[in-house]
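Summary of the model geometry
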Amino acid sequence: MIVANETTSTISSSLTFSADELPKAEYFMDYVLGILMVLLTIIGVSANTSVVVLFTLPSRKKVHSRVTNLLRSLAVSDGTMALVGGTMYAVNCFYHKWVFGREGCVFHGVIMFWCGVTSIAHLAAIALERWYTMTHIQWSVANKYKVSKRVYLIIFFCWLFGFCWAISPVAGLQRYTEEGRVSCSLDWFNPSPGYKAFNLTMLVTVFFIPGLIMLTTNIIIFKVVSGSTIKKKDKTLLAREIELAKKMVYSKVFYLLAWAPYGIVSVWATVDWQTLPSYLLTLTGFFAKVSFTLNPLLYVGMNKKYRTEMCAMLFPWRPVDTPAAREDTPTSYSMEISKVSEDQAQSQGNHQIEEETEDE
């Protein structure tokens, strides 16, 4: 263990420069990234706080549902990343080095790793919720305003999953160290087989598997909305459902793209750190941190119902265009096709839904 730490210390010191030694391009880049991060931090904290308030206020109860509970928890995670990670990153950019010491490095690493993994777990959970909703239409219609205890268990599991991964380096399975000049993260450069095994296992578990879940569920959703479960004669509704599904795919793609460069560089550093340019750590770390502004903008900003309620909450003196808000659903895709599902049930002689899923 001592040998591994000495090796890592040597590697880390080779990647850390004083401001006087920096090339002019990197010196200028620090200021640009610092200014951009300040703006993103302000947007991220404000947007995620607004989402939490929107999905908590009793006066906005008509938009509360299973999925909004997941979105609210996701906003807490992203808002924490923005407040802690964005602030510390920006300060370090202006100083051109890490200025918070060893304790600050560990604190930054734990919070960012915890919230990052938790956010990805939430996205996978939301994808599964939408998949279940679209493949169980009648159940969704009967329980569209019902929040099951299962949702809170899923939220708890997402946070626990992230915490277990984040605390593992503190327990000795890995360690937090400087990542480039302005951030702290896992020690990607340690050549120890144990560190490499941890890195690759973590990347597969918290990035590639959730990404595969999001991809698979959205493919299924596309098949459902274009399949026989929706009446082909209702062209407007069908087109709307396909458009909603596309929006969710876009949101997942943008989020994964923000993390993809960091994931690729992490694998590169784990496999062959000696050929990795140091500036890539700074750039990919920046793009990964951009993710904390994407979720509120994509999930809420692209949904007219949520967007209308958000505007009504933030600007109560402005008139609300309620008809436009009806184009999107308050809970999930299936809410838009509830009328279709009910018509199908009536045509089959089922004027009521005989069974409802109990609130477990």
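Numbering of residues starts from 1 in every chain and runs along the sequence as written. Local features in a predicted model are, by the rule used here, given only for residues with pLDDT of at least 70; side-chain atom pairs are given and counted only at 80 or more, and totals for whole chains, interfaces and linings are based on all residues. Values reported for side chains reflect all heavy atoms of the structure, with hydrogen atoms and water molecules removed beforehand.

1. Some details on the environment of Y195
What counts as a helix is a DSSP run of H or I of at least four residues, what counts as a strand is a run of E of at least two, and both are numbered from the N terminus. Positionally, Y195 belongs in helix α7 (residues 193–225). Here the term buried applies to any residue with accessible area under 20% of the maximum for its type, exposed to any over 50%, and partly exposed to those in between, with areas from a 1.4 Å probe on protein chains only. A relative accessible area of 4% means that Y195 is categorised as buried. For the pair Y195 and R175, spaced 20 residues apart in the sequence, the C-alpha separation amounts to 8.8 Å.

2. Digging into the pairing of strand β1 (residues 176–179)
Two strands qualify as a pair provided DSSP detects at least 2 bridges between them. With four bridges joining them, β1 and strand β2 (residues 183–186) adopt antiparallel strand pairing. Across the sheet, the residue bridging to E178 is C184, located in β2.

3. So, the state of the cysteines
Any pair of cysteine sulfurs within 2.5 Å is marked as a disulfide. According to the stated counting rule, one finds one disulfide in the structure shown. The disulfide bridge from C105 ends at C184, spanning 2.0 Å between sulfur atoms. Taking the sign of the S-S torsion, -110 degrees for the link of C105 and C184, the bridge is left-handed. Linking C105 in helix α4 (residues 101–135) with C184 in strand β2, this pair joins segments that are 79 residues apart in sequence. In this structure C105 comes out as buried when scored by relative accessible area, which is 4%. Judged by its relative accessible area of 3%, C184 is buried.

4. Observations concerning helix α9 (residues 279–300)
Multiplying one less than the number of residues by 1.5 Å gives the expected span of a helix. Here α9 is 22 residues long and its end C-alpha atoms lie 34 Å apart, about the 32 Å a rise of 1.5 Å per residue gives. Along α9, the largest kink reaches about 40 degrees and is centred on T293; proline P296 follows within four residues of it. Across the 22 residues that make up α9, a large majority, 18, are buried. Bend at a residue means the angle formed by two fitted axes: the first through the 7 residues ending at that position, the second through the 7 residues beginning there.

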